[in-house]
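Letter by letter, the chains look like this.
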Amino acid sequence: MFKIFKYSFFDLIRSRWTYIYAGFYFLFTLGMLMLSSDLSKVVISSMNVVLILCPLIATMFGVMYYYNSREFTELLLSQPIKRTSIFTGQFLGLATSLSVSLLVGAGIPFLMFGVFGSDQAGNFLVLLFNGVVLSFIFAAISFFIALKNEDKIKGFGLAILVWLLLAVVYDGLLLLGLSWFRDYPLEKASLIASVLNPIDLSRVMLLLKLDISALMSLTGAVYRKFLGSGVGMAISVAVLLIWTIIPTLGIRRVCLRRDF
Amino acid sequence: MIEITGLHKSFGKNHVLKGVELSLVPPGLIAILGPNGSGKTTLIKSILGMVIPDRGEIEVDGASIKKAWEYRRQISYLPQIARFPENIRVRELIAMVKDLRGETEMDVSLISYFGLQPFLDKKLGNLSGGTRQKVNLVLCFMYDCPIVILDEPTAGLDPVSLVRLKKLIKTKREEGKLILITTHVMDLVEELAEEVVYLLEGNIHFRGTVAELKEKYQGRNVEESIAALLQKDGPFSLGAVASNGHAKVPETLLEN
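Since this is a predicted model, take the numbers as computed values, not measurements. (Residues numbered from 1 in each chain as written. Chains lettered and ligands numbered in written order. Predicted model: local features only at pLDDT ≥ 70, side-chain atom pairs only at ≥ 80, totals over all residues. Heavy atoms only, no water.)

A. Spatial organisation of the sheet that holds strand β1 (residues 2–11) of chain B. Residue and element names in this part refer to chain B. The four strands are arranged β2-β1-β4-β5 in an open sheet whose pairing can be described as antiparallel. Of all strands in the sheet, those bounded by a partner on one side alone are β2 (14–24) and β5 (63–64). Inspection of the sheet shows β1 paired to β2 by eight bridges, in the antiparallel sense. Residue pairing across strands places Glu3 opposite Ser23, the latter belonging to β2. Along the sheet, helix α1 (residues 40–48) makes contact with β1, β2 and β4 (55–60), crossing β1 at roughly 120°. (Pairing = 2+ DSSP bridges. Helix = DSSP H or I, 4+ residues; strand = E, 2+ residues; numbered from the N terminus. Contact = heavy atoms within 4.5 Å. Axes fitted to C-alpha atoms, helices over the stretch in contact; angles between N-to-C directions.)

B. Here's a closer look at the sheet that holds strand β8 (residues 178–182) of chain B. Residues and elements named next belong to chain B. Pairing in this open sheet of six strands is mixed, and the strands run β6-β7-β8-β3-β9-β10 from one edge to the other. This sheet does not close on itself; its edge strands, each paired only once, are β6 (75–78) and β10 (203–209). Direction aside, neighbouring strands of the sheet carry axes that sit 15° apart on average. In this structure, β6 lies alongside strand β7 (residues 147–151), joined through four bridges in parallel fashion. If you follow Leu78 over to β7, its bridge partner there is Leu150. Along the sheet face, helix α7 (residues 210–217) touches β9 (195–200) and β10 and points at about 110° away from the line of β10.

C. Quick look at empty space enclosed by the protein. Scanning the model with the defined rule gives two cavities of 30 Å³ or more in all. Roughly 100 Å³ of volume is contained in the largest cavity. The wall of the largest cavity is formed by Leu75, Ser78 and Gln79 of chain A together with Ser76, Tyr77, Pro79, Phe84, Arg101, Asn136, Leu139 and Cys140 of chain B. Elements with a minimum of two residues in the lining of the largest cavity: β6 and α4 (129–141) of chain B. Top contributing element to the lining of the largest cavity by residue count: α4 of chain B, with three residues. Class assignment for the residues of the lining of the largest cavity results in six nonpolar, four polar and one charged. Estimates place the volume of the second largest cavity at around 40 Å³. Residue lining of the second largest cavity: Leu29, Ile30, Ala31, Ile181, Thr183, Leu188, Val189, Leu192 and Ala193 of chain B, and that is the complete set. Listed by contribution, the elements that provide at least two residues to the lining of the second largest cavity are β3 (28–33) and α6 (186–192) of chain B. (1 Å grid on protein atoms, 1.4 Å probe; cavity = no way out; pocket = protein on both sides within 12 Å on 5 of 7 lines; lining within 4 Å. Points joined across faces, edges and corners; volume = space filled by probe spheres on them. Nonpolar A, V, L, I, M, F, W, Y, C, P; charged D, E, K, R; others polar.)

Distances and angles like these do not, on their own, reveal function.
In structure tokens form, the structure reads like this:
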């Protein structure tokens, strides 16, 4: 598996798109840091970008990489290599290269502006952690979808649909539900709903870390109580891990049944 | 040794293999033949574990191949269509396979045997079909495996390489290996094969030596025998077939 990982990783890290992706983060973060001297504001702006872009790019790269490396995969399949090693290796190579793009692209400007000497070091690390986790989650989901669908267009469409559901539609429905039932105490329900969606969960984790939850009134207080506690934090991290593990196991299961 | 029992495989509604039974014992050079879509490649890919059978059992050297992968060390495989990653060089591809499968020194002699030196630093996407097939051959033959499976090995090769390939296959046969070939070139069967396995509509329709095939279907050579077989039992048995064994060209095609 390590060899497959190595080939996938170096193949991707040499790709033009990886540079463009990292370059975007670099320029964006650098620009924000030059415009604002308040590091915490830059962390918030970066958060908004990372929470949308990491899942989206991981989804698109995941599907594209699977379909584009079919020849390589077929070559590997006829060699004495375990199937699960081939696909797990490719997925890990992809997710790692995406994470490296994020870490380098968004990390270097913050380091240049001395984030570790400031009080934002913790927030910065939580931001990067969530970006990396989201990259892994969405790379796994899209790789799984691509593996299940022979048809490129269908695979691409489904993967984007899943991203759209989790990144946009979910929040919309949540808000709609909250406004419909606003006469009832919904703090717990909305907390559970947020924790179940990895993008929302990452956002809440960051907002609470950034200490601007006061903006969120009573709900914010409930969130604060939950995530501020050791148990709440453990549950959140566990949910993120489950979101990574389930599609990864899905990849391993589906790849054993596919014909090539 | 390869032992196949009751092998079934469908792709959607298309029932490609319908209970294939086949036992192959080394040494031997066996041609797997059949009309287009008869399941030759599916059968081969099942042996390699690339296609997963619906029912049935495949054993290589006495052990089931289900969920196994180590047995592929025993097999050299030449895929039908040489599809490679487009953006890497020939040299890199060979190095990569060596890294994954293990060290070998045979690649050097095979590269010069097939005259590939000038192409080593070219990207695979820029190579012609025949050159790509030669790369394919190098990757296949650079490991000394007891089982060799060749899917359409002659596709796109120039005469010199063709002669050399035949010689190479003969040497491998003399070394006592089990070699499976699928091909549409009947001269190759005539020249190389000891046995013929003929697949028709998902089943083995005929199995025997080349001499038996000729005798059974009264052909002067393999090509005529296969043609006779197909007209007697196959998809050409119905329709406008003249008594001399040659189909009439449909009149609608002659109008223009």
